[in-house]
Amino acid sequence: MAGGCMIKTAGHRMRTINMSQRWTPAQIRSLLKGLAFISPWIVGFGGFVLYPIAASAYFSLTRYDVLRPARFIGLENYVELFTKDETFRTVIGNTVYLVVIGVPAGLVVAFLLASLLNREMQFRPLFRTIFFLPVLVPAVASAEVWRWVYNTNYGVINSFIKSWGLAVIPFISSVELAKPSLILIHVWAQGTAIIIFLAALQDVPRSLMDAAEVDGANPLQRFWHVTIPICTPAILFVMLTGMIGMFQYFTLGWLLTQGGPNESTEFFSLYLYRNAFQFFKMGYASAQAWILFIIILAFTLLIFRSSARWVYYAGESN
Amino acid sequence: MQQAESIASRPIQHTSLKQRPLLKIAQRALFYVMMVVLALIFAGPLLWMLSTSFKTDPQVYTVPPTWFPNPFRLVNYPEALSSRPFGVYTYNTLRYALGAVAGALISNTLVAYGFARIRWPGRDIFFIICLSTMMIPFQVRMIPLYLTFKNLGWLNTYLPLIVPTFLGVNAYYTFLLRQFFLTIPSELSDAARVDGCTELGILIRIILPLAKPALAVIGLLQFMFAWDNYIGPLIYLNNESLYPIALGLQQFRTMFQEELMWPYMMAASTATVAPVIILYFFVQRTFVEGISITGLKG
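(A) Broad picture of the overall build of chain B. Counting its secondary structure elements, chain B contains 15 helices and zero strands. Looking at chain B as a whole, 52% of its 298 residues qualify as buried. Relative to all contacts within chain B whose residues are 6 or more apart in sequence, the contacts with residues 24 or more apart total 73%. Accessible area for chain B stands at about 13,700 Å²; split by element, carbon and sulfur atoms hold 68% of it.

(B) Inspection of the nonpolar core at higher detail. Among the nonpolar cores identified, the biggest contains 197 residues, and Phe-197 of chain A together with Phe-181 of chain B are the most heavily contacted of them. If you tally residues by element for this core, the top one is helix H11 (residues 219-247) of chain A, at 14 residues. Summarising the domain contributions, this core has at least three residues from each of domain 1 (2-76) and domain 2 (78-296) of chain B. Apart from the residues lying within four places of it in its own chain, the contact partners of Phe-181 of chain B are Thr-109, Ala-112, Tyr-113, Ala-116, Arg-117, Ile-207 and Ala-211 of chain B.

(C) Spatial organisation of the interface of chain A and chain B. Contacts between chain A and chain B engage 103 residues on the former and 109 residues on the latter. Taken together, the two surfaces of chain A and chain B that pack against each other cover about 9,400 Å², and 80% of this comes from carbon and sulfur. The interface formed by chain A and chain B includes two salt bridges. With a closest N to O distance of 4.0 Å, Glu-144 of chain A and Arg-253 of chain B form a salt bridge. Counting every contact that joins chain A to chain B gives 13 residue pairs in polar contact (both at pLDDT 80 or more). Ranked by the residues each element gives to the side of chain A that touches chain B, the list is headed by helix H2 (residues 25-59) of chain A, at 21 residues. Of the residues that constitute the side of chain A that touches chain B, the class distribution is 75 nonpolar, 18 polar and ten charged.

(D) Quick look at the domain arrangement of chain B. Residues and elements named next belong to chain B. Its domain assignment divides chain B into domain 1 (2-76) and domain 2 (78-296). Buried area between domain 1 and domain 2, both sides added, is near 1,000 Å², and the carbon and sulfur share of it is 65%. Taken as a group, Met-49, Val-75 and Asn-76 account for 46% of the area that domain 1 buries against domain 2, more than any other trio of residues on that side. The tally of links between domain 1 and domain 2 comes to one salt bridge. The residue Glu-79 makes a salt bridge to Arg-73 at a minimum N-O spacing of 3.4 Å. Our count for the contact surface shared by domain 1 and domain 2 stands at four residue pairs in polar contact (both at pLDDT 80 or more). Those elements giving two or more residues to the side of domain 1 that touches domain 2 turn out to be helix H2 (11-53) and helix H3 (57-60).

(E) Spatial organisation of the confidence of the model for chain B. Considering every residue of chain B, the mean pLDDT works out to 85; 89% of them sit at 70 or more. Scored below 50 in pLDDT, residues 1-15 of chain B shows eight contacts in the model against residues more than four places distant or in partner chains.

(F) Looking closely at the packing of helix H10 (residues 186-194) of chain B against helix H11 (residues 199-210) of chain B. All names here are of chain B. The geometry of H10 relative to H11 is characterised by a closest axis approach of 10 Å and an angle of 145° between their N-to-C directions. Relative to H11, the crossing made by H10 is right-handed. In this structure, H10 uses Leu-188, Ser-189, Ala-192 and Arg-193 to contact H11, whose residues at the interface are Glu-199, Ile-202, Ile-206, Ile-207 and Leu-210. Residues belonging to the contact of H10 with H11 are distributed by class as follows: six nonpolar, one polar and two charged.

Rules behind the numbers
Residues numbered from 1 in each chain as written. Chains lettered and ligands numbered in written order. Predicted model: local features only at pLDDT ≥ 70, side-chain atom pairs only at ≥ 80, totals over all residues. Heavy atoms only, no water. Helix = DSSP H or I, 4+ residues; strand = E, 2+ residues; numbered from the N terminus. Buried < 20%, exposed > 50% of the residue type's maximum accessible area, 1.4 Å probe, protein only. Contact = heavy atoms within 4.5 Å. Areas by Shrake-Rupley, 256 points an atom, 1.4 Å probe, with all protein chains shown as cover. Core = buried A, V, L, I, M, F, W, Y, C linked by side-chain atoms within 4.5 Å. Domains from an automatic or database assignment. Buried area = accessible area lost by both parts, 1.4 Å probe. Salt bridge = Lys/Arg side-chain N within 4 Å of Asp/Glu carboxyl O. Polar contact = N/O pair within 3.5 Å; in protein donor to acceptor, adjacent residues only side chain to side chain. Nonpolar A, V, L, I, M, F, W, Y, C, P; charged D, E, K, R; others polar. pLDDT = per-residue confidence, 0-100. Axes fitted to C-alpha atoms, helices over the stretch in contact; angles between N-to-C directions. Left-handed = near helix turned anticlockwise from the far one by under 90°.

Here it is as structure tokens:
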């Protein structure tokens, strides 16, 4: 997709910039013009990105409760997180579960729905709107709606189950089902991914599908060997943004399960928020934030590295 | 293509096509049944919310559940929404959401223009740095930002939620706009440049009118984000008179306590969802078009 392609072409161009060559007045003018246009970002980047990251790195090496000044303690926070804090271990496990199961689940459902929507049909805009709508629902409202849907006694699912005389499903109140129940909500709200996939699917060249059909590929084979490869750039994009977002999962977990039952939904951001704003352990929370950052970086690199093997760029040769 | 046609015109293919209609109709019917079932599943939670919001208390506890409330208790809405200052919450949300939308539109347009339409040495390096900020989790910046805003005396104001948007901090918007700007033929700008138009003039007179779908996407995404944002207000605001809807809905929840007042809770939830959905219907076409263009065809 655009993301990957663009970085690639940028790389080529970067090499053509020769730092030692003398700049012409025209070049200097264009440099100033360019910098002027991106100046809001430069200020924002410095003040709201670079400084906070550096400060956070420093705080992570301190004990800081806001009331008293930060006290430098070296790597103690990190040592404590990895050796003493058992909740932290649970938190990492929960978060990785959420990302490793939730992101692919959402991606697969979004892709299948987009493929269905891509077929010729009546009322396509209506269907598209219905599948898209959940993503518009604010997380706070989503939490209340699903709390009611998942209600053990009178929620829509358990109410039917009860009327059939079966055992109710405890959803968010059980240790085993709490995480899958949250993932189900995530899978429900895949609107953005659906729209992105739909756009990618519409770009699958008709000629390629016809050629595959002539070669005797059945619909399933065409889907697997033509449609999916063509859409891999979009899949990469959705996977990356989904992964980064999922590692920061907060609102629904905070409102719906508050980390429970028995810490089964205590995710990274929840625990970090608790440490920072409930226990006022700003240093300890900053160390967690940095660990989260490094985990996200590692996953991003892993996905990017592997993408060379499975992402197909149609425009690669140009 | 020719080969395909010649195969299609073979006699064997013809007979199999003739046998098909019935099978095809059955397949088609099955497909629509599946689509309708899927649509009902996906719309289910929202329909359940809407249905509950009109129910009387006893109707909430019927097993199996009823989908069509009778009597239809419309008065749940005024009763629920007046029990807390819902109007104030909405007004508060709009106050900072509109500011944030303006900020995102202005700053990201300028920055994206600098990255897409002007050639300057070092541009690509800056752009890669800009893009890579998308990987940085908010949590890393959260604590220093909170402390900075605290020192600036910005807590319990909307400034922490508005000011950063004016500085183009959201790289995703910059990326989307840049992708869109790249699709506009450079001849248009070149012609204007020859005529002595400044870059800002080109941006305003030529690029912006063509970029309406992309701007609509950014505007809607930022508005939805502001309406939806929970952790920001949670950290920066602790005075109920400043609460936006995201925090306000929780006030309803503590008031209506679980189990007891589901219709009220669902009425308040519907009122929270409705503005976003109504807004979406107004800009739907531009939005879908914009996402498709900006997201993938760069």
